[in-house]
Amino acid sequence: MTLDAGADLLHAVRELAPALSARSGEIEQARQLPLDLIATLKDIGVYRMLVPRSHGGLELNLVTGLDVLSELARADASTAWTMMIATESPQLFALLLREEFDAIYAAGPNATVGGAFNAQGKAVQVDGGYRVTGHWNFATGCRQSEWLFGNCVVLGPDGEPRPGPAEGMPETRAMLLPANEVRIIEHWDVLGLRGTGSHDIAIDAFVPQQRTFDIFTGQPSVPGANFVVPVLHYAMHIGAVAVGIAQGAVDDLLTLARSGKRRLYARTSLVDSPVFRNRLGRAETGARAAHDALRRMGEVFWDACQQSPVKAFALAPQVSATLTWAVETAAEVVTACYHAGGATSVRDGASLQRRFRDIHTLTQHAAVAEGWFTQEGSALLGFPVLFEA
């Protein structure tokens, strides 16, 4: 490992980008990443970029990780989204007991977990663990993960949900199992991000206590800034994928203009059209602004993570609002590029069409709901923030 592993990884990702872009159609049609691409991504270090150096990883900082994900998304959104989930594996595993974390990484630094945050399962506590049943949507990369989890509502002896840490909210707990003990239900026929293989999963099993964790309020068993308030790291990662898609759409529009394209009935080619130049300038400015705002928020949040969990958690309203704004802006940029591209954009296989579908699928994620702006406004006015979008 070199002294600047982050720079090396970014260079490797940028070197891979042209080949990755060329395979976007293949990835989308397969509904998952090809095995040889996964091997390449593991080889260059993407999978282990947030794994502690003590366990064979690169232990990159948040901001460099954001750059890696945005560069991947600039080339192919499905790859970036799948890698986003894969690279978050150590942050999820760290919510287990330390001995469990160490055992998982004993075999190597590329261990992966997928699953679902929405509490769509039920867990009844029994001797030594929980009896778990449930069916979860949107388990990204489930066919290519070694471990899978489903978040559950914990039921008491009376069959009713046990009260959680916040008033009116039930107790929830994530249940982790080896992937071969989880049933995968193929159900990923969607608008965009088709190559992520985000099928459904189902569990009907006993899960031992030591294989369970609290996604939202659990305390990590591993030290380090990457493990401070992990749910906010996840939010930043989503933003990185969004801004990468927007930057890629601007790239596509530039390529289209330089090809000499002239729209039907137009007097000039795109490159000579003042209207097109205006749209291109607006799109590039929007993509750059979204990228820079997210990255700056990442720097502020990372600094807080290095200082204390309390300071990091206090930034939650700003992180969530910045994420939502960056995603909204990215979607506006991609939509503008799609329209500016004309009829070329509508064909299956067109990069602009794929980016349009990808970003508008990403905007449906609960983490980018408009209600996060309300939370930021509430925080500014001194009202309690409940973190419910």
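Nothing here was measured: the structure is a model prediction, and the numbers come from that model. Along each chain, numbering runs from 1 in the same order as the chain's sequence is written. The predicted origin of the model limits local features to residues at a pLDDT of at least 70 and limits the giving and counting of side-chain atom pairs to 80 or more, whereas totals for whole chains, interfaces and linings rest on all residues. The basis for the side-chain values is all heavy atoms of the structure; hydrogens and waters are excluded.

*Asks:* Before we go on, may I ask you to explain the overall build of the protein in this structure?
*Replies:* If you tally the helices and strands in the protein, you get 13 helices and 7 strands. By principal-axis analysis of the C-alpha atoms, the protein measures approximately 75 × 50 × 45 Å. The proportion of buried residues among the 389 residues of the protein is 54%. In what follows, a contact means two residues having at least one pair of non-hydrogen atoms within 4.5 Å. Within the protein, residue pairs in contact and separated by at least 24 positions form 73% of the contacts whose partners lie at least 6 positions apart. Throughout, the Shrake-Rupley method with a 1.4 Å probe supplies accessible areas, and for residues the shown protein chains are the sole cover considered. For the protein, the accessible area works out to roughly 17500 Å², and carbon and sulfur atoms hold 54% of it. On the protein, the mean spot of the 32 positive side-chain charges and the mean spot of the 41 negative ones are 9 Å from each other. We count a stretch as a helix when DSSP gives it H or I for four or more residues in a row; a strand needs E for two or more, and each element gets its number in order from the N terminus. Any residue under 20% of the maximum accessible area for its type is buried, any over 50% is exposed, and the rest in between are partly exposed; the area is computed with a 1.4 Å probe on protein chains only. Residues scored as charged are limited to Lys and Arg (positive) and Asp and Glu (negative), so that His and the chain ends carry no count. By convention, the point assigned to a charge is CZ for Arg, NZ for Lys, CD for Glu and CG for Asp.

*Asks:* Hey, could you run me through the pattern of salt bridges in this one?
*Replies:* Oppositely charged side chains can pair when the atoms bearing their charge come close. The working definition used for a salt bridge is a side-chain nitrogen of Lys or Arg within 4 Å of a carboxyl oxygen of Asp or Glu. Summed over all chains, the structure comprises 16 salt bridges. Where Asp 189 meets Arg 31, a salt bridge forms, and the shortest distance between an N and an O atom there is 3.9 Å. Pair noted here: Asp 189 is in the loop between strand E5 (183–185) and strand E6 (199–208) and Arg 31 is in the loop between helix H2 (24–30) and helix H3 (35–44), with a separation of 158 residues, a long-range link. For Asp 189, a relative accessible area of 67% corresponds to the exposed category. A residue is classified by how much of its surface remains accessible, and Arg 31, at 24% relative accessible area, is partly exposed. In this structure, the salt-bridge partner of Glu 284 is Arg 288, at a minimum N-O distance of 3.0 Å.

*Asks:* Looking at this structure, I do not really get the side chain of Thr 64. What am I missing?
*Replies:* Residue position: Thr 64 is located in helix H4 (residues 62–75). If we ignore the near neighbours within four places in the chain, the residues touching Thr 64 are Gly 6 and Leu 10.

*Asks:* What am I meant to see in the sheet that holds strand E1 (residues 113–126) here?
*Replies:* Paired through backbone hydrogen bonds, the strands of a sheet run either parallel or antiparallel to each other. A pair of strands counts as paired when DSSP detects no fewer than two bridges linking them. Read from one edge to the other, the open sheet built from 7 strands follows the order E5-E6-E2-E1-E3-E4-E7, with strand pairing classed as mixed. Single-partner strands in this sheet number two, and they are E5 and strand E7 (212–213). Across 8 bridges, E1 lies against strand E3 (residues 147–155) in parallel orientation. Following the sheet pairing, Val 124 is matched in E3 by Leu 155.

*Asks:* Would you explain the UniProt feature "domain: Acyl-CoA dehydrogenase/oxidase N-terminal" (unreviewed entry) in the protein in this entry?
*Replies:* UniProt positions are given in the numbering used here, feature names are shortened, and annotations may be inferred rather than shown by experiment. UniProt tags residues 13–87 as "domain: Acyl-CoA dehydrogenase/oxidase N-terminal" (unreviewed entry). Helix makes up 69% of residues 13–87 and strand 0%. Its end C-alpha atoms lie 14 Å apart.

*Asks:* Just checking my understanding: could you explain empty space enclosed by the protein for this structure?
*Replies:* A water-sized probe, rolled over the atoms, reveals where empty space remains. In this analysis the probe radius is 1.4 Å and the grid spacing 1 Å, with only protein atoms considered; a cavity is a set of points the probe fits into but cannot get out of, a pocket is an open set with protein on both sides within 12 Å along at least five of seven lines, and lining residues have an atom within 4 Å of a point. Grid points are joined across faces, edges and corners, and a volume is the space filled by probe spheres set on the points. Evaluation of the coordinates by the stated rule reveals 3 cavities of 30 Å³ or more. As a volume, the largest cavity reaches approximately 80 Å³. In terms of lining, the largest cavity is formed by Tyr 47, Thr 82, Ile 85, Ala 86, Thr 112, Val 113, Thr 140, Gly 141, Gln 144 and Ser 145. Classes in brief: Ala, Val, Leu, Ile, Met, Phe, Trp, Tyr, Cys and Pro nonpolar; Asp, Glu, Lys and Arg charged; the others, Gly included, polar. Taken together, the residues of the lining of the largest cavity break down into 4 nonpolar, 6 polar and no charged. Counting contributing residues per domain, the lining of the largest cavity is built from domain 1 (1–105) and domain 2 (113–213), each supplying no fewer than three. In this structure, the second largest cavity spans a volume of roughly 40 Å³. Leu 66, Asp 67, Ser 70, Ala 240, Val 243, His 291, Leu 294 and Arg 295 together form the lining of the second largest cavity. Every element with two or more residues in the lining of the second largest cavity is listed here: H4, helix H8 (230–258) and helix H9 (274–307). Grouping the constituent residues of the lining of the second largest cavity by class yields 4 nonpolar, 2 polar and 2 charged. Source of the domain bounds: an automatic or database domain assignment. Residues from two domains meet in the lining of the second largest cavity; each of domain 1 (1–105) and domain 3 (228–381) gives at least three.

*Asks:* I would appreciate a short explanation of the packing of H9 against helix H11 (residues 316–340) in the present structure.
*Replies:* Angle between the axes and distance between the axes are the two parameters that describe a pair of packed helices. At their nearest, the axes of H9 and H11 sit 9 Å apart, and the two run at 160° to each other. Classified by the angle between their axes, H9 and H11 sit roughly antiparallel to one another. The two elements H9 and H11 meet at a crossing, and its hand is left-handed. Here Phe 276, Arg 279, Ala 283, Gly 286, Ala 287, Ala 289, Ala 290, Ala 293, Leu 294, Met 297 and Phe 301 of H9 come into contact with H11, specifically with Gln 318, Val 319, Thr 322, Trp 325, Ala 326, Thr 329, Val 333, Cys 337 and Ala 340. For the contact of H9 with H11, the residue count by class is 15 nonpolar, 4 polar and 1 charged. Helix axes are fitted only over the stretch in contact, all axes being lines through C-alpha atoms; the angle between N-to-C directions runs from 0 to 180 degrees. In what follows, roughly perpendicular refers to angles from 65 to 115 degrees, roughly parallel to angles under 35, roughly antiparallel to angles over 145, and oblique to any angle outside these ranges. In a left-handed crossing the near helix is turned counterclockwise from the far helix by less than a right angle, and in a right-handed crossing that turn is clockwise.

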